[in-house]
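Listed here are the chains, written in short residue letters.
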Amino acid sequence: MNRLAKVSIVSLSVIIFLYSGLGYVLKANDDKSFRSLSVFGEVLQHIQEDYVDEPNMTLVTAGALHGLLESLDPQSGYLSAREYADYRDRIKNAQHGDAGE
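Residues numbered from 1 in each chain as written. Predicted model: local features only at pLDDT ≥ 70, side-chain atom pairs only at ≥ 80, totals over all residues. Heavy atoms only, no water.

## Observations concerning the overall build of the protein chain
Going by this rule: For helices the rule is a DSSP run of H or I covering at least 4 residues; for strands it is a run of E covering at least 2, with both sets numbered from the N terminus onward. Exposure classes here rest on a 1.4 Å probe applied to the protein chains alone. A residue is buried below 20% of its type maximum, exposed above 50%, and partly exposed in between. Working definition of accessibility: Shrake-Rupley area with a 1.4 Å probe, residue cover restricted to the visible protein chains.
Looking only at helices and strands, one finds four helices and zero strands in the protein chain. Its helices and strands taken in sequence order, the protein chain reads α-α-α-α from the N to the C terminus. Burial analysis of the protein chain (101 residues in total) assigns 5% to the buried set. For the protein chain, the accessible surface area stands at approximately 9200 Å², while carbon and sulfur atoms represent 60% of it.

## Some words on a nonpolar patch on the surface
Spelled out, the test is: Candidates for patches are residues over 30% relative accessible area with no salt bridge; among them, like charges are joined within 9 Å and nonpolar side chains (Val, Leu, Ile, Met, Phe, Trp, Tyr) within 5 Å. By salt bridge we mean one thing: a side-chain nitrogen of Lys or Arg within 4 Å of a carboxyl oxygen of Asp or Glu.
Taken together, the side chains of Leu79, Tyr84, Tyr87 and Ile91 make up a nonpolar region of the molecular surface, amounting to roughly 390 Å² of accessible area. Positionally, Tyr87 belongs in helix α4 (residues 81-93). Overall, Tyr87 belongs to the partly exposed group, its relative accessible area being 39%.

Here is the structure:
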């Protein structure tokens, strides 16, 4: 093996080692971030398993997302695919004023 190949292999190995080490460190911080998401998943699982009638999980999930995002601040909100399509159509068809008119 020539010197360039050896340097390339060692450099690549160091990069991979640092990348996996950084991923391990960042994963420790992500566990705190995604704890609420696991609670959300557990609640949906309980709804699906423990309700007497079969719940419509699409409506349950959409309602949960609406409530979650609306509780953040007044400017936050969740748009379903249908609501987003309606919003996009309204914006596209809206009359925009020009400056000075």
